[in-house]
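# Survey of secondary and tertiary structure
For reference, the chains in residue letters:
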Amino acid sequence: MPRVLDGAAIAAAIKLEVATDVKRLAAEGIRPGLAAVLVGHVPASEIYVRSKVQACADLGIFSDLITPPETVTTEDMLDLVAGLNDRDDIDGILIQLPLPAQVDTKALLDAVSPLKDVDGFHPVNAGRLQAGRPALAPCTPAGVIQILERSGIPIAGQYAVVVGRSDIVGKPVAMLLLNQNATVTICHSKTRDLAAITRQADILVAAIGRPGFIMPEMVKPGATLIDVGINRVTTRGEFDRYFAGNAKREAAFAKRGSTIVGDIHPKAFELAGAYTPVPGGVGPLTIAMLMANTVRAARMRRNLPRRGH
Ligand code: NAP
């Protein structure tokens, strides 16, 4: 039987460690703070930001939710970020994406101080990660490494294949695996004979954004499968393609009218040595690592030694 890597439990353990560190900092008169910038009314973004603000409250981290209107300009946003860069009560700045079309997202992300860049999207942090220097790493990729490490899955010397090369997931996860001495191949939509490459992977990371894309014949039996994908299934036909005969999913689908599938077909998990389920695998780590990065940024900015993560 493949081993299920319980991301929710790992995220809970990390949050507990972060809360302990927050208490330690409180004893020195320091309260880490996160500014969350949520523009307009994108329902999914509102849900994500609400969870992030709630996580701050749970762990004793100060949070400031800033909600500019949908019509905000790039200049207004740059002014806002400059103000947050200067605020002493703010250690981390989170700009929830996507932003409205009139806002220059890249200019804005580049304007965030690299020291407060808790999403790890600033080119300085991407460069530091690439150079193998300490950096605030993007949260989801950092979470993938935590899952592997805390589950006792070796990385050094393993052949890791990452499908997807986004700046947010694919590239940084590949870099983190390389920094941990895996042999890494990055694949994308122009890769030839993808299955021949993925079939060799000891660790296969799927960050594609296509439901059930990695099929059983693309997987080496016994491999560790890390599924970053989050795709919503809303039609009966799609549901049957991934979950036919799965009574638990059936009940959830009947109740909500939708369910979530990753980028790896559930049938492929049956061949794995270990895998992250969707939901409950990589997903919960993203917020846990955002919290960890905020506390880390609070320490970095004050030249205090790093603790954990
Ligand atoms: P993205 O920016 O759309 O990147 C997708 C990547 O997949 C691209 O590099 C693309 O290649 C590649 N790709 C697309 N079709 C392919 C194909 N047929 N064969 C091989 N590669 C293909 O997506 P993302 O932001 O990295 O997110 C990936 C997935 O992770 C999404 O499902 C997203 O919802 C999920 N996600 C989850 C979390 C979380 O768990 N908290 C966080 C972030 C993202 P090209 O570069 O050639 O186009």
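Anyway, here's the lowdown on the structure attached to this text. (Residues numbered from 1 in each chain as written. Predicted model: local features only at pLDDT ≥ 70, side-chain atom pairs only at ≥ 80, totals over all residues. Heavy atoms only, no water.)

This part takes up the side chain of T140. With respect to the secondary-structure elements, T140 resides in helix α6 (residues 139–150). Using a relative accessible area of 15% as the deciding quantity, one classes T140 as buried. Of note is the side chain of T140, whose polar atom sits 2.8 Å from the side chain of T286. (Helix = DSSP H or I, 4+ residues; strand = E, 2+ residues; numbered from the N terminus. Buried < 20%, exposed > 50% of the residue type's maximum accessible area, 1.4 Å probe, protein only. Polar contact = N/O pair within 3.5 Å; in protein donor to acceptor, adjacent residues only side chain to side chain.)

The local shell around the ligand holds 20 residues, among which R165, S166, S189, I230 and T286 are the closest. Contact distances for the ligand include 2.5 Å between an oxygen atom and a side-chain N or O atom of S166. Protein contact buries 71% of the 920 Å² of open area that the ligand shows by itself. Of the residues belonging to the shell around the ligand, the class tally is seven nonpolar, ten polar and three charged. (Near = heavy atom within 4 Å. Areas by Shrake-Rupley, 256 points an atom, 1.4 Å probe, with all protein chains shown as cover. Nonpolar A, V, L, I, M, F, W, Y, C, P; charged D, E, K, R; others polar.)

For the rest of this paragraph, the subject is the sheet that holds strand β1 (residues 3–4). Reading across from one edge, β1-β11-β8-β7-β5-β6 is the order of the six strands in this open sheet, with parallel pairing throughout. Single-partner strands in this sheet number two, and they are β1 and β6 (183–187). Alignment of strand β8 (residues 224–227) against strand β11 (residues 274–275), held across two bridges, turns out to be parallel. Residue pairing in the sheet places L225 in a bridge with Y275 of β11. Helix α7 (residues 170–179) contacts β5 (159–163), β6 and β7 (203–206) of the sheet and is inclined by roughly 170° relative to β5. (Pairing = 2+ DSSP bridges. Contact = heavy atoms within 4.5 Å. Axes fitted to C-alpha atoms, helices over the stretch in contact; angles between N-to-C directions.)

What follows covers the packing of aromatic side chains. Throughout the structure, instances matching the rule amount to four aromatic pairs. Consider the rings of Y242 and F243, whose centres lie 6.2 Å apart with planes at 70°: the pair is edge-to-face. One exposure class covers both Y242 and F243, and it is buried. Judged by centre distance (4.2 Å) and plane angle (15°), the ring pair of F269 and Y275 falls under stacked. Per residue, the accessibility class of F269 equals that of Y275, and both read buried. The structure contains a cluster of three or more aromatic residues connected by ring pairs, namely F239, Y242, F243 and F253. (Phe/Tyr/Trp six-rings, centres within 6.5 Å; stacked < 30°, edge-to-face > 60°.)

Taken as a whole and assessed by the stated rule, the structure comprises one cavity of 30 Å³ or more. In terms of lining, the largest cavity is formed by I93, L94, I95, L109, V112, D117, D119, F121 and H122. Looking at the lining of the largest cavity element by element, the count peaks at three residues for strand β4 (residues 92–95). (1 Å grid on protein atoms, 1.4 Å probe; cavity = no way out; pocket = protein on both sides within 12 Å on 5 of 7 lines; lining within 4 Å. Points joined across faces, edges and corners; volume = space filled by probe spheres on them.)

To continue, consider the nonpolar core. Formed by 54 residues in total, the largest nonpolar core has its most connected members in V18, L177, I226 and M291. Those elements giving two or more residues to this core turn out to be α1 (7–27), β2 (33–37), α2 (43–59), α6, β5, α7, β7 and α12 (283–301). Sort the elements by how many residues they give to this core and α12 lands first, with nine residues. Each of two domains, domain 1 (15–121) and domain 2 (139–283), supplies a minimum of three residues to this core. The contact partners of M291, leaving out residues within four places of it in the chain, are V18, L34, K52, A55, C56, L59 and I61. Core analysis: the next-biggest nonpolar cluster, separate from the first, contains 20 residues, V163, A195, F269 and Y275 among them. (Core = buried A, V, L, I, M, F, W, Y, C linked by side-chain atoms within 4.5 Å. Domains from an automatic or database assignment.)

Here we take up the environment of G245. Examined against the element boundaries, G245 turns out to sit in the loop between α9 (236–243) and α10 (247–256). Taking the C-alpha atoms as reference points, G245 and E17, separated by 228 residues in sequence, lie 39 Å from one another.

Before going further, it helps to spend a moment on the sheet that holds β2. On the basis of which strands lie adjacent, the open sheet formed by three strands has the order β3-β2-β4 and parallel pairing. Only two strands of the sheet have a single neighbouring strand rather than two, namely β3 (62–66) and β4. Sheet twist, expressed as the average angle between the axes of neighbouring strands with direction ignored, equals 15°. Relative to β3, β2 runs parallel, the two sharing five bridges. Of the residues in β3, the one forming a bridge with A35 is D64. Against the sheet, α2 contacts β2, β3 and β4, and its axis sits at roughly 155° relative to β3. With respect to the sheet, helix α3 (residues 74–86) is in contact with β2, β3 and β4, its orientation differing from that of β4 by roughly 160°.

A few words on the pattern of salt bridges. Applying the stated criterion to the full structure yields 13 salt bridges. Between D88 and R301 there is a salt bridge, and its shortest N-O distance comes to 3.3 Å. Taken as a pair, D88 in the loop between α3 and β4 and R301 in helix α12 lie far apart in primary sequence, 213 residues in all. On the accessibility criterion, D88 (58% relative accessible area) is exposed. What makes R301 partly exposed here is its relative accessible area of 24%. R236 is the salt-bridge partner of D240, the closest N and O atoms lying 3.1 Å from each other. Of this pair, D240 and R236 both sit in helix α9, separated by four residues, roughly a single helical turn. Since its relative accessible area comes to 40%, R236 is described here as partly exposed. Connected through shared salt-bridge partners, D88, D91, R301 and R302 make up one network. (Salt bridge = Lys/Arg side-chain N within 4 Å of Asp/Glu carboxyl O.)

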